[in-house]
Amino acid sequence: MALLEVTGLHRVFKSRGHEVRALDGVDVTVAKGRTLAVVGESGSGKSTLGSIVAGLQPPSAGELRFDGTPLDVRRLRGPERRRIQMVFQSPLQSLNARYRVESTLTEPLRLLAGLDRRQASARVDELLAAVHLPAELRHRRPGELSGGQQQRVAIARALAADPDLIVLDEPTSGLDQSIRGRIVTLLRELQAERGLSYIFITHDIAVARACAHEVVVMQRGQIVERGGLEVLDAPQHPYTRTLLAAVPGMDPAAGRRRRASAAPDPSAALDPEPAPLEQDLEPEASSHNPHTEES
Ligand SMILES: Nc1ncnc2c1ncn2[C@@H]1O[C@H](COP(=O)(O)OP(=O)(O)OP(=O)(O)O)[C@@H](O)[C@H]1O
Ligand SMILES: [Mg+2]
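Residues numbered from 1 in each chain as written. Chains lettered and ligands numbered in written order. Predicted model: local features only at pLDDT ≥ 70, side-chain atom pairs only at ≥ 80, totals over all residues.

K.L.:
Got a sec to walk through the overall build of the protein chain? Specific residues and values, please.
P.N.:
A tally of regular secondary structure across the protein chain gives ten helices and ten strands. In the protein chain, which comprises 295 residues, the share counted as buried stands at 43%. The contacts of the protein chain with a sequence gap of at least 6 include a subset with a gap of at least 24, amounting to 68%. (Helix = DSSP H or I, 4+ residues; strand = E, 2+ residues; numbered from the N terminus. Buried ≥ 20, exposed ≤ 12 C-beta atoms within 10 Å, placed from the backbone. Contact = placed C-beta atoms within 7 Å.)

Shown next, in the form of structure tokens:
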């Protein structure tokens, strides 16, 4: 069942007399417990779509339904928006540099989840454990954390509101290659545990392939291709082909060859689960030991 249904979304920016159609009639749906990957070149409207869904800006036109109920697009911070959280490329967009991790996490727990001080403090430990960070980190400020740890705190902050949907806008793009895989693994694990839905905006086709159940390809504010992972493996639209060919090692024909040799069983093509991460990203060194966490 669809958790989010977006219909006819338009967003026009006016700058110095000319109009930019950042979104030009976008329809997407996100099912419960599933990941919609949004790919497309820079400026194609991916972040605009994500930020409208997360209630950070209104659309110029269009409708959003969340869990069967229309969202009031003019009332950006309505109560139902608690259930939609956002994680940005730069963790410092989600985290206040002056706040300790503890305050960063207790704020949404108290404001959005309505917990008292003691309850919120106990939940901080649970949230840190959920993102595989040691409890001692609650006393640190973002500047005292590695990039990977910062992004884990940003994810924990999103989880604090107990959301159903998280909009992830390039959550791995600012991280070293070796740490990307770990964050993707964490996100997949949290999805499996909590039944979360994701809108996963990314330039990184390997990351999209590792996370996505559904894929939409955007170009100049429109969706030019949509479907399952076959969009990345066997793109039909010339723009998608160009996009994939531009990514080193991500030529779709090469992807098919790799997959064919890794999985000779033809039923593997029907597997509803995303492809194993290890096919495309560096595998994790050791799984989730917070004490050997990324530098
Ligand atoms: N606040 C704004 N004011 C004016 N134009 C904007 C604004 N936000 C976005 N745009 C324009 O809307 C278009 C879509 O921008 P958006 O940031 O959604 O693209 P994107 O696909 O996320 O790109 P990137 O991959 O570089 O992050 C671009 O042409 C951009 O310049
Ligand atoms: Mg963007």
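K.L.:
Kindly report on the sheet that holds strand β7 (residues 165-169), identifying the contributing residues and their values.
P.N.:
The strands making up a sheet associate through hydrogen bonds between their backbones, and the pairing can be parallel or antiparallel. Taking strand neighbours across the sheet as the criterion, the six strands line up as β6-β7-β8-β3-β9-β10 in an open arrangement whose pairing is mixed. A strand with exactly one partner marks an edge of an open sheet, and here the two such strands are β6 (84-87) and β10 (222-227). Each adjacent strand pair in this sheet contributes to an overall mean axis angle of 20°, direction not counted. In the packing of helix α1 (residues 46-53) onto the sheet, contacts are made with β3 (35-40), β6, β7, β8 (197-201) and β9 (214-219), and the angle to β8 comes to roughly 150°. In the packing of helix α5 (residues 147-160) onto the sheet, contacts are made with β6 and β7, and the angle to β6 comes to roughly 170°. (Pairing = 2+ DSSP bridges. Axes fitted to C-alpha atoms, helices over the stretch in contact; angles between N-to-C directions.)

K.L.:
Please give an account of the nonpolar core that cites residues and values.
P.N.:
Counting 75 residues, the largest nonpolar core has Val38, Val53, Ile199, Phe200, Ala208 and Val215 as its most contacted members. Among residues more than four places away in sequence, those in contact with Ile199 are Val30, Leu36, Val38, Gly50, Val53, Val167 and Leu168. (Core = buried A, V, L, I, M, F, W, Y, C linked by C-beta atoms within 7 Å.)

K.L.:
Run through the site of ligand 1, naming residues and quoting values.
P.N.:
Around ligand 1 sit 13 residues in total, of which Phe13, Ala22, Ser42, Ser47 and Thr48 are the nearest. Its residues assigned to classes, the shell around ligand 1 shows three nonpolar, nine polar and one charged. (Near = placed C-beta within 6 Å. Nonpolar A, V, L, I, M, F, W, Y, C, P; charged D, E, K, R; others polar.)

K.L.:
Tell me about the environment of Arg209, and please be specific about residues and values.
P.N.:
Inspection of the secondary structure puts Arg209 in helix α7 (residues 205-211). Exposure remark for Arg209: the 26 C-beta atoms within 10 Å place this residue in the buried category. Each C-alpha atom, one on Arg209 and one on Leu229, is 6.7 Å from the other, the two residues being 20 residues apart in sequence.

K.L.:
Which residues make up the sheet that holds strand β4 (residues 61-66), and what are the values?
P.N.:
What the four strands build is an open sheet, ordered β2-β1-β4-β5; its pairing is antiparallel. Either end of the sheet is taken by a strand with one partner, and the two such strands are β2 (18-31) and β5 (69-70). Relative to β4, strand β1 (residues 2-15) runs antiparallel, the two sharing five bridges. Bridging across to β4, Thr7 finds its partner in Glu63. Its contacts with the sheet place α1 against β1, β2 and β4, and it is angled at close to 120° to β1.

K.L.:
Would you mind going over the environment of Pro91 in detail, with residue names and values included?
P.N.:
Summarising the element assignment, Pro91 is placed in helix α2 (residues 91-94). Separated by 61 residues in the primary sequence, Pro91 and Arg152 place their C-alpha atoms 8.6 Å from one another. Those residues in contact with Pro91 that lie beyond four places of it in its chain are Pro142, Gln150, Gln151, Val153 and Ala154.

K.L.:
So what's going on with helix α9 (residues 238-245)? Which residues, and what values?
P.N.:
Listed in full, the buried residues belonging to α9 are Thr240, Leu243 and Leu244. All buried residues of α9 fall inside an arc of 95° around its axis, so they share one side. Residues of α9 that are exposed and point more than 90 degrees away from the buried face comprise Pro238 and Thr242. (Arc of directions from axis to C-beta.)

K.L.:
So what's going on with helix α4 (residues 117-130)? Which residues, and what values?
P.N.:
For an α-helix the count is 3.6 residues per turn, leaving residues at separations of three or four pointing the same way. Along its 14 residues, α4 runs 20 Å from first to last C-alpha, staying within 8% of the 20 Å computed at 1.5 Å per residue. Residues Ala120, Arg123, Val124, Leu127 and Leu128 constitute the buried set of α4. Angularly, the buried residues of α4 cover 140° about the axis, an arc narrow enough to put them on a single face. Turned more than 90 degrees from where α4 packs its buried face, Arg118 and Ala122 sit exposed. If you follow the buried residues of α4, they end up packed against α3 (101-111) and α5. Just beyond α4, the residue with positive phi is His132, at close to 60°. (Expected span 1.5 Å × (residues − 1).)

K.L.:
So what's going on with unusual backbone geometry? Residues and values would help.
P.N.:
Although it is not a glycine, Arg16 sits at a positive phi angle of roughly 45°. Positionally, Arg16 belongs in the loop between β1 and β2. Although it is not a glycine, His132 sits at a positive phi angle of roughly 60°. With respect to the helices and strands, His132 occurs in the loop between α4 and α5.

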